[in-house]
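Residue-level structural notes
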Amino acid sequence: GDQIMAAGLAEHLFAQSPIDGPVTITDCQGNVRWQPLWDGNPALTVRHAGGPRVACGAGCLPYLVYPRKNSRLDFSPTYRAQDYRAHIYLTPMERQRGLDIFRHYGPFLMIEPSPADRKNVNRQWPVDAWIDCVNLLSRKAPFAILQFDHPDATKIPGIPAVPSPTFRDACGILAAAKLALVLE
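None of the values given here were measured: they were computed from a predicted structure.

**Notes on the side chain of Thr 24**
Position of Thr 24 relative to the elements: it lies in strand S1 (residues 23-26). Those residues in contact with Thr 24 that lie beyond four places of it in its chain are Val 32, Thr 45, Arg 47, His 48, Pro 52, Arg 53 and Val 54.

**Re the layout of surface pockets**
Of the voids in this model, the second largest pocket is the one considered here, and its volume is about 230 Å³. If you go around the second largest pocket, the residues you meet are Gly 1, Gln 3, Ile 4, Pro 36, Leu 37, Thr 166, Phe 167 and Arg 168. Among the elements of the structure, helix H1 (2-16) and helix H4 (167-176) are those that each provide at least two residues to the lining of the second largest pocket. Residue classes in the lining of the second largest pocket are distributed as four nonpolar, three polar and one charged.

**Digging into the environment of Trp 130**
As for its placement among the helices and strands, Trp 130 is situated in helix H3 (residues 127-140). If sequence neighbours within four positions are ignored, Trp 130 has contacts with Ile 111, Glu 112, Pro 113, Trp 125, Ile 156, Leu 181 and Leu 183.

**Concerning the packing of aromatic side chains**
Ring pairs (aromatic) are described by centroid distance and by the angle formed between their planes. Summed over all chains, the structure comprises two aromatic pairs. With a centroid separation of 5.7 Å and an interplanar angle of 80°, the aromatic rings of Trp 34 and Trp 38 are classed as edge-to-face. On the basis of relative accessible area, Trp 34 is assigned to the partly exposed category, the value being 32%. On the accessibility criterion, Trp 38 (1% relative accessible area) is buried. Taking the centre distance of 5.1 Å and the plane angle of 75° together, the rings of Trp 125 and Trp 130 count as edge-to-face. With a relative accessible area of 2%, Trp 130 lands in the buried category.

**Considerations on the sheet that holds strand S7 (residues 144-149)**
Taking strand neighbours across the sheet as the criterion, the four strands line up as S8-S7-S6-S9 in an open arrangement whose pairing is parallel. Single-partner strands in this sheet number two, and they are strand S8 (161-163) and strand S9 (179-182). Neighbour-to-neighbour, the strand axes of this sheet turn through a mean angle of 35°, independent of strand direction. In this sheet, S9 lies alongside strand S6 (residues 108-112) in parallel orientation, the contact comprising four bridges. Among the inter-strand pairings, Ile 111 is bridged to a residue of S9, identified as Leu 181. Each of S6, S7, S8 and S9 touches H4; the most contacted strand, S6, lies at about 145° to it.

**What about the side chain of Asn 41?**
Note that Asn 41 resides in the loop between S1 and strand S2 (44-45). With relative accessibility at 5%, the residue Asn 41 sits in the buried group. Reaching out from Asn 41, the side chain makes a polar contact with the side chain of Glu 11 at a distance of 2.8 Å. For Asn 41, the residues in contact, after removing those within four places along its chain, are Ala 7, Glu 11, His 87 and Tyr 89.

The rules behind each value
- Residues numbered from 1 in each chain as written.
- Predicted model: local features only at pLDDT ≥ 70, side-chain atom pairs only at ≥ 80, totals over all residues.
- Heavy atoms only, no water.
- Helix = DSSP H or I, 4+ residues; strand = E, 2+ residues; numbered from the N terminus.
- Contact = heavy atoms within 4.5 Å.
- 1 Å grid on protein atoms, 1.4 Å probe; cavity = no way out; pocket = protein on both sides within 12 Å on 5 of 7 lines; lining within 4 Å.
- Points joined across faces, edges and corners; volume = space filled by probe spheres on them.
- Nonpolar A, V, L, I, M, F, W, Y, C, P; charged D, E, K, R; others polar.
- Phe/Tyr/Trp six-rings, centres within 6.5 Å; stacked < 30°, edge-to-face > 60°.
- Buried < 20%, exposed > 50% of the residue type's maximum accessible area, 1.4 Å probe, protein only.
- Pairing = 2+ DSSP bridges.
- Axes fitted to C-alpha atoms, helices over the stretch in contact; angles between N-to-C directions.
- Polar contact = N/O pair within 3.5 Å; in protein donor to acceptor, adjacent residues only side chain to side chain.

Geometry only, nothing functional implied.
Have a look at this one:
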(Lines give C-alpha, C1' and ligand atoms only; values in the text may rest on other atoms or scores of the structure.)
Protein backbone atom coordinates (compact mmCIF):
# COMPACT_ATOMS: atom_id res chain seq x y z
CA GLY A 1 0.00 0.00 0.00
CA ASP A 2 2.54 2.63 1.02
CA GLN A 3 4.69 1.64 -2.00
CA ILE A 4 1.92 2.67 -4.40
CA MET A 5 1.24 5.88 -2.44
CA ALA A 6 4.91 6.83 -2.42
CA ALA A 7 5.16 6.26 -6.17
CA GLY A 8 2.02 8.35 -6.70
CA LEU A 9 3.44 11.24 -4.68
CA ALA A 10 6.74 10.98 -6.56
CA GLU A 11 4.98 10.96 -9.95
CA HIS A 12 3.00 14.04 -8.88
CA LEU A 13 6.19 15.89 -7.86
CA PHE A 14 7.97 14.89 -11.07
CA ALA A 15 5.03 16.04 -13.23
CA GLN A 16 5.00 19.42 -11.45
CA SER A 17 8.71 20.01 -11.98
CA PRO A 18 10.39 17.55 -14.37
CA ILE A 19 13.43 19.82 -14.66
CA ASP A 20 14.33 18.87 -11.07
CA GLY A 21 14.78 15.28 -12.23
CA PRO A 22 13.41 11.99 -10.96
CA VAL A 23 12.32 11.67 -7.34
CA THR A 24 14.03 9.52 -4.72
CA ILE A 25 11.87 7.65 -2.21
CA THR A 26 13.42 7.42 1.24
CA ASP A 27 12.45 6.21 4.68
CA CYS A 28 11.99 8.72 7.51
CA GLN A 29 15.73 8.76 8.21
CA GLY A 30 16.60 9.65 4.60
CA ASN A 31 17.79 6.18 3.55
CA VAL A 32 16.92 5.37 -0.07
CA ARG A 33 14.18 2.78 -0.53
CA TRP A 34 13.56 0.74 -3.67
CA GLN A 35 10.88 -1.80 -4.48
CA PRO A 36 10.56 -3.99 -7.60
CA LEU A 37 7.10 -2.48 -8.01
CA TRP A 38 8.82 0.79 -8.99
CA ASP A 39 11.02 -0.72 -11.74
CA GLY A 40 10.73 1.18 -15.00
CA ASN A 41 9.03 4.24 -13.47
CA PRO A 42 10.61 7.30 -15.13
CA ALA A 43 9.61 9.55 -12.22
CA LEU A 44 11.73 7.59 -9.74
CA THR A 45 15.44 7.14 -9.20
CA VAL A 46 17.37 4.92 -6.86
CA ARG A 47 20.30 7.37 -6.69
CA HIS A 48 19.63 10.38 -4.51
CA ALA A 49 21.53 13.30 -5.98
CA GLY A 50 20.03 16.12 -3.94
CA GLY A 51 16.88 16.31 -6.07
CA PRO A 52 13.31 15.91 -4.88
CA ARG A 53 12.51 13.27 -2.26
CA VAL A 54 9.43 11.58 -0.89
CA ALA A 55 9.73 10.13 2.59
CA CYS A 56 7.46 7.18 3.08
CA GLY A 57 7.33 4.20 5.40
CA ALA A 58 6.80 3.44 9.05
CA GLY A 59 6.55 6.73 10.92
CA CYS A 60 6.14 8.99 7.91
CA LEU A 61 3.11 7.87 5.91
CA PRO A 62 1.65 10.88 4.08
CA TYR A 63 -1.98 10.05 4.81
CA LEU A 64 -1.48 10.12 8.60
CA VAL A 65 -1.01 13.00 11.02
CA TYR A 66 1.56 11.98 13.60
CA PRO A 67 1.03 13.28 17.13
CA ARG A 68 3.80 14.76 19.21
CA LYS A 69 3.38 12.54 22.30
CA ASN A 70 0.91 10.06 23.77
CA SER A 71 -1.82 10.78 21.27
CA ARG A 72 -3.42 8.61 18.63
CA LEU A 73 -2.79 8.80 14.90
CA ASP A 74 -5.38 10.55 12.77
CA PHE A 75 -5.94 10.58 9.04
CA SER A 76 -4.76 13.73 7.31
CA PRO A 77 -7.67 15.95 6.31
CA THR A 78 -5.70 17.30 3.32
CA TYR A 79 -4.30 14.10 1.81
CA ARG A 80 -6.44 12.79 -1.05
CA ALA A 81 -5.22 9.49 -2.49
CA GLN A 82 -7.03 10.09 -5.79
CA ASP A 83 -4.76 13.11 -6.37
CA TYR A 84 -1.70 10.84 -6.32
CA ARG A 85 -2.48 7.90 -8.55
CA ALA A 86 0.59 5.82 -9.27
CA HIS A 87 1.37 3.78 -12.35
CA ILE A 88 3.04 0.42 -12.69
CA TYR A 89 5.40 0.34 -15.66
CA LEU A 90 5.45 -3.22 -16.96
CA THR A 91 8.34 -4.56 -19.01
CA PRO A 92 7.62 -5.88 -22.50
CA MET A 93 8.14 -9.41 -21.14
CA GLU A 94 5.59 -8.86 -18.34
CA ARG A 95 3.05 -7.54 -20.88
CA GLN A 96 3.81 -10.42 -23.24
CA ARG A 97 2.89 -12.93 -20.53
CA GLY A 98 -0.64 -11.52 -20.41
CA LEU A 99 -0.88 -11.40 -24.21
CA ASP A 100 0.20 -15.06 -24.43
CA ILE A 101 -2.59 -16.02 -22.04
CA PHE A 102 -5.04 -13.97 -24.12
CA ARG A 103 -3.90 -15.76 -27.30
CA HIS A 104 -4.32 -19.15 -25.63
CA TYR A 105 -7.72 -18.61 -23.95
CA GLY A 106 -9.17 -15.65 -25.84
CA PRO A 107 -10.85 -12.91 -23.78
CA PHE A 108 -10.68 -13.89 -20.11
CA LEU A 109 -11.82 -13.00 -16.60
CA MET A 110 -9.23 -13.36 -13.82
CA ILE A 111 -10.35 -14.29 -10.33
CA GLU A 112 -8.33 -14.13 -7.12
CA PRO A 113 -10.12 -16.22 -4.51
CA SER A 114 -7.20 -16.06 -2.07
CA PRO A 115 -7.71 -13.53 0.71
CA ALA A 116 -4.79 -11.19 1.27
CA ASP A 117 -5.66 -11.09 4.96
CA ARG A 118 -6.04 -14.74 6.00
CA LYS A 119 -6.42 -13.83 9.69
CA ASN A 120 -9.51 -11.67 9.22
CA VAL A 121 -12.53 -13.91 8.58
CA ASN A 122 -14.53 -10.89 7.40
CA ARG A 123 -12.21 -10.65 4.39
CA GLN A 124 -12.52 -14.31 3.45
CA TRP A 125 -15.21 -15.35 1.03
CA PRO A 126 -15.96 -19.07 1.44
CA VAL A 127 -14.73 -21.37 -1.33
CA ASP A 128 -18.32 -22.60 -1.85
CA ALA A 129 -19.37 -19.00 -2.61
CA TRP A 130 -16.52 -18.70 -5.13
CA ILE A 131 -17.61 -21.97 -6.76
CA ASP A 132 -21.22 -20.71 -6.99
CA CYS A 133 -20.01 -17.40 -8.44
CA VAL A 134 -17.80 -19.13 -11.01
CA ASN A 135 -20.64 -21.49 -12.00
CA LEU A 136 -22.98 -18.53 -12.52
CA LEU A 137 -20.35 -16.59 -14.48
CA SER A 138 -19.53 -19.66 -16.59
CA ARG A 139 -23.12 -19.80 -17.78
CA LYS A 140 -23.38 -16.05 -18.46
CA ALA A 141 -19.88 -14.81 -19.38
CA PRO A 142 -18.77 -14.94 -23.01
CA PHE A 143 -15.14 -15.50 -22.01
CA ALA A 144 -12.83 -17.90 -20.17
CA ILE A 145 -12.51 -17.74 -16.38
CA LEU A 146 -9.00 -18.17 -15.00
CA GLN A 147 -7.46 -17.90 -11.55
CA PHE A 148 -4.07 -16.83 -10.27
CA ASP A 149 -1.74 -19.58 -9.15
CA HIS A 150 0.82 -18.67 -6.48
CA PRO A 151 2.11 -20.31 -3.29
CA ASP A 152 -0.83 -19.02 -1.18
CA ALA A 153 -3.52 -19.60 -3.82
CA THR A 154 -6.94 -20.97 -2.96
CA LYS A 155 -7.80 -23.28 -5.86
CA ILE A 156 -11.31 -23.36 -7.33
CA PRO A 157 -11.99 -26.75 -8.93
CA GLY A 158 -12.34 -26.76 -12.70
CA ILE A 159 -10.81 -23.30 -13.24
CA PRO A 160 -7.46 -23.14 -15.04
CA ALA A 161 -4.75 -21.65 -12.86
CA VAL A 162 -2.24 -19.23 -14.36
CA PRO A 163 1.15 -19.02 -12.62
CA SER A 164 1.75 -15.59 -11.09
CA PRO A 165 4.64 -15.83 -8.63
CA THR A 166 5.05 -12.06 -8.20
CA PHE A 167 2.74 -9.07 -8.06
CA ARG A 168 4.28 -7.70 -11.26
CA ASP A 169 3.55 -11.02 -13.01
CA ALA A 170 -0.07 -10.71 -11.89
CA CYS A 171 -0.19 -7.12 -13.20
CA GLY A 172 1.01 -8.28 -16.62
CA ILE A 173 -1.79 -10.85 -16.70
CA LEU A 174 -4.38 -8.32 -15.51
CA ALA A 175 -3.30 -5.90 -18.24
CA ALA A 176 -4.60 -8.41 -20.81
CA ALA A 177 -7.73 -9.49 -18.89
CA LYS A 178 -11.20 -8.28 -19.82
CA LEU A 179 -12.24 -8.23 -16.18
CA ALA A 180 -10.93 -9.17 -12.75
CA LEU A 181 -12.81 -10.30 -9.67
CA VAL A 182 -10.95 -9.81 -6.40
CA LEU A 183 -12.58 -9.42 -3.02
CA GLU A 184 -10.70 -7.29 -0.50
